[in-house]
Amino acid sequence: MSSEALLEVHEVSKRFRVQGRDLHAVEKVSFQLERGQTFGLVGESGSGKSTLGRLVLKLLEATEGRIVYQGKDITRLTQKQMRPLRQEMQIIFQDPMASMSPRMTIGMAIEDAMVIHKMGTKEERHKKVDELLERVGLPREVKWAYPHELSGGQLQRVGIARALSLNPKLVICDEPISALDVSIQVQVIQLLRELQRDYDLTYIFISHNLAVVEYLSDVVAVLYLGEVVEQAPAEELFSRPTHPYTQVLIQSILKMPGSMEERQALTPIQGEIPSPFNPPKGCPFHPRCPLAVDRCRTTKPERRNIGPNHAVACHLAT
Amino acid sequence: MSQPLLSIEDLRVEFDRGEDTVYAVNGVSFSIAEGETLGIVGESGSGKSVTLMSAIGLIRENGRIRSGRAMFQGTDLLKLSERQLEDIRGREIGVVFQDPMTSLNPVMRIGDQIMEAMLAHHFCSHREAFERTLQLLHEMGIPEPKARFRNYPHEFSGGMRQRIMIAIALACEPQLLIADEPTTALDVTVQMQILALLQEQRRKRNMSVAIITHDFGVATNFCDRIIVLYAGQIMEVADTGTFLRESAHPYTVGLKHSIIEIGHRARPLQPIPGMAPTITEMPHSCSFASRCPFAAERCRSELPQLREIGSGHWVACHRAEEVLADVI
Amino acid sequence: MIVAIAVTQPQAPARQARRNSPMYRAWQRYRKNWFAVAGLIWVVIFFIIGIIGPWIAPYSYTYADFLHMHSGPSWQHWFGTDTVGYDVFSQILYSIRYALEIALGATCVSFLIGVILGLWAGLAGGIIDVIVMRAVDFMFALPSFFFALILMVLLGKGIFPMILAIGVPGWAGYARLIRSLVLAMRNGEMVEAARALGASQWHIARRYMFPNVVGSMVVSLAFGIPYDLTAQAGLSIVGMGLNPPMPSFGNMLAQAGANILGFPWLLYFPAGVFAITLLSFLFVADGLQEAFNPKGGV
């Protein structure tokens, strides 16, 4: 364990109690994150990736495990004790419209973050709002607008500006581009990259879009039914995917081919993600796994290292 | 490819939004041949769904068709009454939507909904409809059709619901299937399953498919021919091969460059600047000019017409040839 | 490279902002609704009469003109007189005041209880939520008019007892509305985002929740007033309201009903004014609802 880790997550689990049944949203996830890095979390719906993001921010309380931020264990902090820390840990939401009050102008929304933390005088805050808007590529006049007047892409820039207004160190990007059009997605990704460089930000980037996660992340974890099935540096993971699920995910992406000859055959795998209420015995992926053997149906594979920083939870991986 | 099954000519659709009129579709013409798979690609607000949906009479209350024709088997769909359209929709033309939860009836067993599709159009007898429903459920890859027949939509996953929607759309053996973003709400592994299912059914039934999508990956891997829409106008039409090799509209080229794919890690991004306009005035110049790196004086003053620059390759750009030369 | 995006709309920023504020847009929508505007005008007149009625009334409500008992409308008595010789027009003017006092008072009582319990249930959750919601169910199961009658018997007659009798049983609807609004927001992304910013509960309630429920609360209040107006008239009609000669719509209507054959004006004028008033309040409430929620819903 290196001491300069900004964030350490140890064996964190989250179970929700829904109608008397346990829903295993996140199961024993561990990772650590150094300053300036981007940690990518990929998975399909129901994989627990968004829940994990909220656990890190303590917007949800972990059922088990420890979360250590800058050497300080924040797992048991109360919401009140967390408040000053929230300046340093921010989140960008998938749907910026839903995350803003329809009755606040954009300027008010961004300023409110600073008001909460009693930053600066009114004039200083207004000046900062102008600067932030400019930094995220919006004209200043936007501060007078209400959320319903802006497009999805503009609103997401506002969401980014609001998160940045507190000078955070860690920013969790929860599917920040999934609701946007392709041409706008690229603009926002580029913005996120520039901001990371300029402000030395650390990102946890949550997305179902593997290509974007690969593009942005240093380390990537693939989640399936709340568990990390594979974790490796981005280049390694995408050039040498080892877990059958990672391989399937990568093969399922329809790339634009260079010519008719390169078109992909549509070869789906069977089945869908099982219910998290009653995850399969043994390896959670075995009912869909093309390679599954008897052992996969009975014994749950432990996570083990198959290379430097490359961990896989699969009996067959080498 | 034979004669066109559906041919849309100079379609114009507008919507009222407050005091403004939004010109959603501005003179769109294209046709779908028998047995063809056509991809209609565009970003939100490009008019990609409105074009096809208004042609088959599915248009929101604040919208109206200003002009145009939609010839389907010799009849102009735009001239038909709602009743006559209902006879065609679901019978000759099947429709699959993005979100099956909103188009399925939540309080009706899914088997009954599939049967209903056949009985409403007097497609077959009650007894036959039942048999066919089981057969359809089986073909759609829904396990244990007999048991699942009696389930309600909420008892299925998103992917399974989409399969049920497809079963309803295919129940009366339509000649044309319109799929409006059929996989957008689904996970990638399920998207692959649904697309494979659509492809298999299309081959088996030899029907035409029009798939509306924002995803170039889906369109290029699935379709024979691709239409790119922007601001309610066709920017480019080409068969997929030509589209992949030599797209000639700066918008298409820009979109292609801005797609992030696996293996792009080290590459710099090339986003298209700006955002798509909402057209509240009839366009008199190229709608894309303000975002276009190739835009010249002419582009800002004269509306480019769709013109054929190669066999079956149509582009609405004054500078298509130069763009093409740059790309190659 | 960051691409600045041209926003076409906000040009004269501050003024534009005001014009695009949700409240301003609600008012714009309200103004377009003719019924709502007409209703509002009458409601305003009604309020003014409620305040100055006693001064403009040609006669005191205790003055009985024995020379002109049950006479029809005339220059002396615009709306005629009743069986005892009371001037109907003056009676109506006084009735408006008492009706308003009681209806507004009762609505405030219901609203206050409802908001407090609804907020408590929505924010605290758990067992408190269960208890409050079962109480709401109980109130809905019980006919509230019957409840009001019992309270009147217990409290005795008069304006203040009527306010309580009508107001106390009416809280359940408000409580349920507020609770559902609070619950929807508490679990919503807007509040989660505010929490992520580090906002305290109080800050979230004040800056995020409250401005987003004002509209719905105003609408529900606007629907509550005509309901309570009807209730207070109802109590008087069955003889459990204000004691004659205290004028009230209920008393007048009860008396008119008994004398409908001989002296129809006793019914027409009070009933007409009362009906127009109720309708106006309902138009206003409808208008507000559409203004605040153009897509429907409460």
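Coordinates for the structure precede this section.
Quantities reported herein were computed from a predicted structural model and do not represent experimental measurements. (Residues numbered from 1 in each chain as written. Chains lettered and ligands numbered in written order. Predicted model: local features only at pLDDT ≥ 70, side-chain atom pairs only at ≥ 80, totals over all residues. Heavy atoms only, no water.)

1. Some details on the environment of Met-275 of chain B
Residues and elements named next belong to chain B.
Alright, step 1. Summarising the element assignment, Met-275 is placed in the loop between helix H11 (250–258) and helix H12 (297–301).
Alright, step 2. Its relative accessible area of 27% is what places Met-275 among the partly exposed residues.
Alright, step 3. In the structure, Met-275 is positioned 44 residues away from Ala-231 in sequence and 11 Å away in space, judged by C-alpha atoms. (Helix = DSSP H or I, 4+ residues; strand = E, 2+ residues; numbered from the N terminus. Buried < 20%, exposed > 50% of the residue type's maximum accessible area, 1.4 Å probe, protein only.)

2. Here's the deal with the interface of chain C and chain A
Alright, step 1. The interface of chain C with chain A comprises 34 residues on the first partner and 42 residues on the second.
Alright, step 2. Inspection of the chain C/chain A interface yields two salt bridges.
Alright, step 3. Close ionic contact of Arg-207 of chain C with Asp-112 of chain A constitutes a salt bridge, the shortest N to O distance being 3.4 Å.
Alright, step 4. In this structure, the connection of chain C to chain A is made through eleven residue pairs in polar contact (both at pLDDT 80 or more). (Contact = heavy atoms within 4.5 Å. Salt bridge = Lys/Arg side-chain N within 4 Å of Asp/Glu carboxyl O. Polar contact = N/O pair within 3.5 Å; in protein donor to acceptor, adjacent residues only side chain to side chain.)

3. Examining the interface of chain B and chain A
Alright, step 1. Between chain B and chain A, the residue contacts involve 45 residues of the former and 48 residues of the latter.
Alright, step 2. Taken together, both faces of the contact between chain B and chain A bury some 4100 Å²; the carbon and sulfur share is 59%.
Alright, step 3. Counting across the interface, chain B meets chain A through one salt bridge.
Alright, step 4. Linking chain B to chain A there are 21 residue pairs in polar contact (both at pLDDT 80 or more).
Alright, step 5. Of all the secondary-structure elements, those providing two or more residues to the side of chain B that touches chain A are helix H7 (158–170), helix H8 (188–205), helix H9 (216–222), helix H10 (240–246) and H11 of chain B. (Buried area = accessible area lost by both parts, 1.4 Å probe.)

4. Here we look at the packing of aromatic side chains
Alright, step 1. Counting across every chain of the model gives 15 aromatic pairs over all chains.
Alright, step 2. Judged by centre distance (4.4 Å) and plane angle (55 degrees), the rings of Tyr-224 of chain A and Tyr-245 of chain A are tilted. A residue pair is termed long-range when its members are at least 10 positions apart, and Tyr-224 of chain A in strand E9 (residues 219–224) and Tyr-245 of chain A in helix H9 (residues 244–252) qualify at 21 residues. In this pair, the class of Tyr-224 of chain A matches that of Tyr-245 of chain A, namely buried.
Alright, step 3. Here the aromatic rings of Phe-216 of chain B and Phe-243 of chain B are separated by 5.4 Å at their centres, their planes lie at 80 degrees, and the arrangement is edge-to-face. (Phe/Tyr/Trp six-rings, centres within 6.5 Å; stacked < 30°, edge-to-face > 60°.)

5. Some remarks on the sheet that holds strand E2 (residues 21–34) of chain A
All names here are of chain A.
Alright, step 1. On the basis of which strands lie adjacent, the open sheet formed by four strands has the order E2-E1-E4-E5 and antiparallel pairing. Only two strands of the sheet have a single neighbouring strand rather than two, namely E2 and strand E5 (72–73).
Alright, step 2. The sheet contacts of helix H1 (residues 49–56) involve strand E1 (5–18), E2 and strand E4 (64–69), and relative to E2 the element is tilted by about 65 degrees. (Pairing = 2+ DSSP bridges. Axes fitted to C-alpha atoms, helices over the stretch in contact; angles between N-to-C directions.)

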